Amino acid sequence: MKKVMMTLVAAMLTVAASAQVYVGGSLGIGSVKLGSNDAETTFKIVPEVGYNINDEWAVGLAIGYQQGACTLGKGEYAQNVDAKVFGVSPYVRNTFLRTKYVNVFVDGGLGYENIKDHGNNFMVGLKPGVAVNFNDKLSFVAHIGFIGYETFSPKGDGKSSNTVGVDLDGNNITFGLYWNF
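Read on for a plain summary of the structure. Bear in mind the structure is a predicted one, so any value in this text is a computation, not a measurement. Residue numbers here run from 1 along each chain, matching the order of that chain's written sequence. Local features in a predicted model are, by the rule used here, given only for residues with pLDDT of at least 70; side-chain atom pairs are given and counted only at 80 or more, and totals for whole chains, interfaces and linings are based on all residues. Working from all heavy atoms in the structure, the side-chain values ignore hydrogens and water.

Looking at the overall build of the protein
In terms of regular secondary structure, the protein is built from 1 helix and 10 strands. For the exposure calls, accessible area comes from a 1.4 Å probe over protein chains only, and a residue counts as buried if that area is under 20% of its type's maximum, exposed if over 50%, partly exposed in between. Here the protein holds 181 residues, and 29% of them are scored as buried. For the protein, the share of sequence-separated contacts (at least 6 apart) that also reach a separation of at least 24 residues comes to 51%. Total accessible area on the protein stands at roughly 11500 Å², and carbon and sulfur atoms take up 63% of it. Helix and strand definitions here come from DSSP, where helices need a minimum of 4 consecutive H or I residues and strands a minimum of 2 consecutive E residues; each element is numbered from the N-terminal end. Working rule for contacts: check all heavy atoms of both residues, and any pair within 4.5 Å makes them a contact. The protein chains shown are the only cover counted for residues, whose accessible areas, like all others here, come from Shrake-Rupley with a 1.4 Å probe.

Right under this line is the structure:
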């Protein structure tokens with residue numbers, strides 16, 4: 001029994017010593033004008049934590065809050081609203097190109113958002129991205145677009161909207177910083 005316990009302790013110490021945890025996230029602030037209404041300030045904060053399993057694979061979780069003008073749904077069911085949004089997005093990251101200063105990766109994951117008084121949004125898909133490594137500890141990260149499935153379910157009798165496809169426009173880019181431990 002003593003040998004088993006010592007082996008487990010040694011294994012846990014090895015994993016902890018080689019742990020590559022990163023924390024960071026993104027912040028955003030902007031001004032949105034919807035139709036003839038006055039411009040409205042919006043903001044978003046999305047803290048993130050992740051664990052590098054090895055040089056190629058990582059797992060992580062982003063939890064975010066957004067307040068201000070946003071568009072709910074897609075196509076003919078799209079509606080512009082003033083909203084408070086809480087979201088959570090677990091993901092698996094594959095870094096398929098790694099150089100000294102730049103890493104190219106894709107995040108595959110799920111996303112759930114609760115839009116207060118308006119409904120829920122669910123996503124599953126891929127988010128391509130790039131990380132610029134300033135040094136061993138600090139990285140600038142950008143996600144560019146979304147490829148996958150998204151559905152918005154409004155509260156009440158509204159019609160749900162479902163979207164499948166690629167969204168690589170300039171409105172779907174996020175920037176952030178990561179601190180690597």
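Thoughts on the pattern of salt bridges
The rule for a salt bridge is simple: a side-chain nitrogen of Lys or Arg has to be within 4 Å of a carboxyl oxygen of Asp or Glu. Under the defined criterion, the tally for this structure stands at 2 salt bridges. In this structure, R93 and E48 form a salt bridge, with 3.7 Å as the shortest nitrogen-oxygen distance. One end of the pair, R93, is in strand β4 (residues 79–98); the other, E48, is in strand β2 (residues 40–52), and 45 residues separate them in sequence. By relative accessible area, which is 10% here, E48 ends up buried. A salt bridge links D107 to R93; its shortest N-O distance comes to 2.6 Å. Taken together, the positions of D107 in strand β5 (residues 102–115) and R93 in strand β4 put the pair 14 residues apart, joining distant regions of the chain.

Section: the side chain of D107
Using a relative accessible area of 6% as the deciding quantity, one classes D107 as buried. For this analysis, a polar contact is any N or O atom pair within 3.5 Å, provided that within protein one partner can donate a hydrogen and the other can accept it, and provided that sequence-adjacent residues contribute only side-chain to side-chain pairs. At a separation of 2.6 Å, a polar atom in the side chain of D107 contacts the side chain of R93. For D107, the contacting residues outside a window of four places in its chain are Y91, V92, R93, G125, L126, K127 and H143.

Looking at the packing of aromatic side chains
Aromatic rings considered in pairs are described by the distance between their centres and by the relative angle of their planes. Only the six-membered ring of Trp is used, alongside the rings of Phe and Tyr, when aromatic pairs are assigned; centres must lie within 6.5 Å, and planes under 30 degrees apart are stacked while those over 60 apart are edge-to-face, with the rest tilted. Taken as a whole and assessed by the stated rule, the structure comprises 3 aromatic pairs. Arranged with centres 6.0 Å apart and planes meeting at 50°, the rings of F43 and Y65 form a pair that is tilted. One end of the pair, F43, is in strand β2; the other, Y65, is in strand β3 (residues 57–72), and 22 residues separate them in sequence. Assessed through its relative accessible area of 36%, F43 is described here as partly exposed. Each ring, one from F140 and one from F175, has its centre 5.7 Å from the other, and the planes form 20°; the classification is stacked.

So, a nonpolar patch on the surface
Within this analysis, patches are made of residues with over 30% relative accessible area and no salt bridge. Like charges are joined at 9 Å or less; nonpolar side chains (Val, Leu, Ile, Met, Phe, Trp, Tyr) at 5 Å or less. Together, V23, V49, L61, I63, F86, W179 and F181 give the surface a local cluster of nonpolar side chains, amounting to about 590 Å² of exposed area. Relative to the helices and strands, L61 is located in strand β3.

Examining unusual backbone geometry
A positive phi angle, close to 70°, is found at D117, a residue other than glycine. Within the secondary structure, D117 sits in the loop between β5 and β6 (119–133). Overall, D117 belongs to the exposed group, its relative accessible area being 58%.

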